[in-house]
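# Observations on the three-dimensional arrangement
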Protein chains: 2
Amino acid sequence: MIAAMARAATTSDVFNAIAEPQRRDILALLRAGERPVTDLAQELGMTQPRASKHLRVLREVGLVRDRKAGKQRLYGLDARGLRPVHEWTGGFERFWNESFDRLDAYVQELKQTRQED
Amino acid sequence: MIAAMARAATTSDVFNAIAEPQRRDILALLRAGERPVTDLAQELGMTQPRASKHLRVLREVGLVRDRKAGKQRLYGLDARGLRPVHEWTGGFERFWNESFDRLDAYVQELKQTRQED
DNA sequence: CGATCATATGCCCATATCGGCATGCGTCAA
DNA sequence: TTGACGCATGCCGATATGGGCATATGATCG
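Heads up: these notes are all about the structure in this document. As the structure is a prediction and not an experimental result, all values here were calculated from the model.

Helix and strand content of chain A: 6 helices and 3 strands. Listing every helix and strand of chain A by position from the N terminus yields α-α-β-α-α-β-β-α-α. Pairs at least 24 apart in sequence give 48% of the contacts found in chain A among residues at least 6 apart. Total accessible area computed for chain A in this model is approximately 7000 Å², and 49% of it derives from carbon and sulfur atoms.

The next thing to look at is the interface of chain A and chain B. Listed by partner, the interface residues are 41 residues for chain A and 40 residues for chain B. Buried area between chain A and chain B, summed over both chains or domains, comes out near 4200 Å², and the portion from carbon and sulfur atoms is 63%. One can count 2 salt bridges joining chain A with chain B. Between D13(A) and R24(B) there is a salt bridge, with its nearest N and O atoms 3.7 Å apart. Remark: the boundary between chain A and chain B carries 5 residue pairs in polar contact (both at pLDDT 80 or more). Tallying contributions element by element places helix α6 (residues 93-116) of chain A first for the side of chain A that touches chain B, with 9 residues. A class-by-class count of the residues in the side of chain A that touches chain B yields 18 nonpolar, 8 polar and 15 charged.

Another aspect to go through is the pattern of salt bridges. The full count for this structure, using the stated rule, is 20 salt bridges over all chains. Between E43(A) and R35(A) there is a salt bridge whose closest N-O contact spans 2.8 Å. Close ionic contact of D39(B) with R35(B) constitutes a salt bridge, the shortest N to O distance being 3.4 Å. On the accessibility criterion, R35(B) (17% relative accessible area) is buried. Each of the salt bridges in this network shares a partner with another, and the network as a whole consists of R35(A), D39(A) and E43(A).

In terms of strand pairing, strand β1 (residues 35-36) of chain A meets strand β3 (residues 72-77) of chain A through 2 bridges, oriented antiparallel. Directly across from P36(A), in β3(A), lies its bridge partner L74(A).

Mapping chain A onto chain B calls for a rotation angle of 180 degrees and an axial translation of 0.0 Å; the resulting RMSD is 0.1 Å. Each copy turns onto its partner about a two-fold axis. The C-alpha atom lying nearest the rotation axis in chain A is that of H86(A); the distance is 2.6 Å. A share of 98% of interface residues in chain A that are also interface residues in chain B marks the association as one of identical surfaces.

Reading the values: the criteria
Residues numbered from 1 in each chain as written. Chains lettered and ligands numbered in written order. Predicted model: local features only at pLDDT ≥ 70, side-chain atom pairs only at ≥ 80, totals over all residues. Heavy atoms only, no water. Helix = DSSP H or I, 4+ residues; strand = E, 2+ residues; numbered from the N terminus. Contact = heavy atoms within 4.5 Å. Areas by Shrake-Rupley, 256 points an atom, 1.4 Å probe, with all protein chains shown as cover. Buried area = accessible area lost by both parts, 1.4 Å probe. Salt bridge = Lys/Arg side-chain N within 4 Å of Asp/Glu carboxyl O. Polar contact = N/O pair within 3.5 Å; in protein donor to acceptor, adjacent residues only side chain to side chain. Nonpolar A, V, L, I, M, F, W, Y, C, P; charged D, E, K, R; others polar. Buried < 20%, exposed > 50% of the residue type's maximum accessible area, 1.4 Å probe, protein only. Pairing = 2+ DSSP bridges. Least-squares fit on C-alpha atoms with pLDDT ≥ 70 in both.

The analysis is restricted to geometry; functional conclusions fall outside its scope.
Here's what the structure looks like:
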């Protein structure tokens, strides 16, 4: 049976993956090119297991690819998955500029409301 | 003392707020204009308390504004907070098209690597 | 004031998530 | 084969999160 779930189906989708600051840092670093886990961990000041776990999440949502290179395992960026996020937020673009006007309208209405009390 | 924390400082930032599908649905709906809680809840097929809780998160990160309108409370969109997300993902835009080539490169390297064994 | 509608909250449960630590596993060198 | 290195996992603890349900709160109306 389907019981109560925390963050239900959210798990392992791109939006969730980039909700974690450290994972965003990893992605940003990978723009410079492939890197082994230890490298990333050190650069970002995190332990190796921690880096590995974050990388796993990123890999599971397809934002990262890995390939073996001898003893090492190189992680590389696959940013295609970020596109949907960019497009989704882009769907609100026209509201960014409107917002201020809207807020002004709110303020006006609030003032009126208070005066009417 | 600061003990181990789950999702540390992530809580209540915009990235986290939009990691939840239902909250994204709410934001999308609000593009059409202000709406009372009950309205949103019904439209999205969720209970009123649930809608209120999601709206609270959205309000806390500033993606939503509310104003009292008599008995009701109208929630309205304030999309400015989405801009950073859009820009962050935009920073990867040039990799979207590269990705395929990169993957091809990976494959090439892999082939070479295998041959060298 | 009392009844009622619209929301926000509190409390509880189940589960997801992060971090640390120790350890397993695969690869390369001697 | 034995070590050493590089990385992935397993397990545990602490906490955040989502949902349900009942209820507190706020506001309007009679």
